[in-house]
Amino acid sequence: MAAKRKGKKSRRSRRKQPFNLVNAAELYMQTAVITNNVMGTNPFTALTGMEYGQTGVSGGNSLGKGGTAIMGYGYMPQAASVTVPELLGVGDSVAFGQGSATLKANFKANLVPMLIQTIGVRAGFAIGKRLMSKQRTFINTKVIDNIGLGRTVRV
């Protein structure tokens with residue numbers, strides 16, 4: 001009598017994990033702490049090089065008095081902050097590596113505050129996740145699942 005052969009087991013495909021909004025917010029906060037302390041900007045400005053500040057002056061006399069500052073977003077390589085385009089030398093009047101001395105000085109000056117802020121953000125999110133677990137479960141099951149985003153987004 002021949003032995004009974006085992007058939008191949010069908011593999012279950014693993015379900016894709018939904019995008020967690022709380023984890024995304026924590027990641028942004030950690031990135032903001034680092035870019036603010038090292039580069040002097042927020043993450044968006046650090047990546048794009050578009051900084052908010054004075055872009056020009058309207059009106060005034062020939063001595064430059066009495067004019068109104070025009071504020072807006074623009075590329076300002078001479079600003080006190082450092083951006084990735086400045087470090088890579090992107091732009092007309094920007095040399096490669098411009099701002100690296102500012103990065104080093106900011107890192108040395110802000111190391112301890114940056115560590116404290118990083119630990120604070122991590123601890124705050126860990127405590128917040130525990131304290132708000134019932135509310136997060138309610139939002140995930142009663143709100144997000146009912147609007148059809150249950151497999152895509154989680155809180």
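Everything below is about the structure shown above.
Student: Describe in detail the packing of helix H1 (residues 21-38) against helix H4 (residues 100-131), supporting the description with residues and values.
Tutor: Where H1 meets H4, the closest approach of the two axes is 7 Å, and the angle between their N-to-C directions is 160 degrees. In terms of orientation, H1 and H4 fall into the roughly antiparallel class. Crossing of H1 against H4: the hand is right-handed. Residues Val22, Asn23, Ala25, Glu26, Met29, Gln30, Val33, Ile34, Asn37 and Val38 of H1 form the contact with H4, whose participating residues are Leu103, Asn106, Phe107, Asn110, Met114, Gln117, Thr118, Val121, Arg122, Phe125 and Lys129. Counted by class, the contact of H1 with H4 contains 11 nonpolar, seven polar and three charged residues.

Student: Talk me through the side chain of Asn106; I want residue IDs and the actual numbers.
Tutor: Looking at the element boundaries, Asn106 is found in helix H4. Here the side chain of Asn106 touches Val38 through a polar contact of 3.0 Å, landing on its backbone oxygen. In contact with Asn106, not counting residues within four places along its chain, are Asn37, Val38, Met39 and Gly40.

Student: Quick rundown of the packing of H4 against helix H5 (residues 133-144)? Include the residues and the values.
Tutor: Packing of H4 against H5 brings their axes to within 5 Å, and their N-to-C directions diverge by 70 degrees. Here H4 lies roughly perpendicular to H5, going by the angle between them. Of the residues in H5, those in contact with Lys129, Arg130 and Leu131 of H4 are Ser133, Gln135 and Arg136. Class assignment for the residues of the contact of H4 with H5 results in one nonpolar, two polar and three charged.

Student: An account of the nonpolar core is needed here, citing residue identities and associated values.
Tutor: Among the nonpolar cores identified, the biggest contains eight residues, and these are Val33, Val38, Met39, Ala46, Val82, Leu103, Met114 and Val121. Mapped by element, the contributors of at least two residues to this core are H1 and H4. No other element matches the three residues that H4 contributes to this core. Not counting the four nearest positions on each side in its chain, Val38 is found in contact with Leu103, Asn106, Phe107 and Met114.

Student: I'd love a proper account of H4, names of residues and values included.
Tutor: At Asn110, H4 shows its strongest bend, of approximately 65 degrees, with the proline Pro113 following within four residues. What H4 keeps buried is the set Leu103, Asn106, Met114 and Val121. Packing partners of the buried residues in H4 comprise H1 and helix H3 (84-88).

Student: Talk me through H5; I want residue IDs and the actual numbers.
Tutor: Burial in H5 covers these residues: Arg136, Asn140 and Ile144. Take H5 and look down its axis: the buried residues cluster within an arc of 45 degrees, on one side only. Across from the buried face of H5, at angles greater than 90 degrees, the exposed residues are Lys134 and Lys142. In the core, the buried residues of H5 are packed alongside strand E1 (19-20), H1, H4 and strand E4 (153-154).

Student: Pulling in residues and values, what's your account of the pattern of salt bridges?
Tutor: In this structure the tally under the stated criterion is three salt bridges. For Glu26, the salt bridge identified is with Arg122, shortest N-O distance 2.9 Å. Separated by 96 residues along the polypeptide, Glu26 in helix H1 and Arg122 in helix H4 bring together distant segments of the chain. Between Asp145 and Arg154 there is a salt bridge, and its shortest N-O distance comes to 3.1 Å. With a relative accessible area of 21%, Arg154 lands in the partly exposed category. Via salt bridges that share partners, Glu26, Arg122 and Lys129 belong to a single interconnected network.

About the criteria used
- Residues numbered from 1 in each chain as written.
- Predicted model: local features only at pLDDT ≥ 70, side-chain atom pairs only at ≥ 80, totals over all residues.
- Heavy atoms only, no water.
- Axes fitted to C-alpha atoms, helices over the stretch in contact; angles between N-to-C directions.
- Helix = DSSP H or I, 4+ residues; strand = E, 2+ residues; numbered from the N terminus.
- Parallel < 35°, antiparallel > 145°, perpendicular 65-115°, else oblique.
- Left-handed = near helix turned anticlockwise from the far one by under 90°.
- Contact = heavy atoms within 4.5 Å.
- Nonpolar A, V, L, I, M, F, W, Y, C, P; charged D, E, K, R; others polar.
- Polar contact = N/O pair within 3.5 Å; in protein donor to acceptor, adjacent residues only side chain to side chain.
- Core = buried A, V, L, I, M, F, W, Y, C linked by side-chain atoms within 4.5 Å.
- Buried < 20%, exposed > 50% of the residue type's maximum accessible area, 1.4 Å probe, protein only.
- Bend = angle between axes of the 7 residues up to and from the residue.
- Arc of directions from axis to C-beta.
- Salt bridge = Lys/Arg side-chain N within 4 Å of Asp/Glu carboxyl O.

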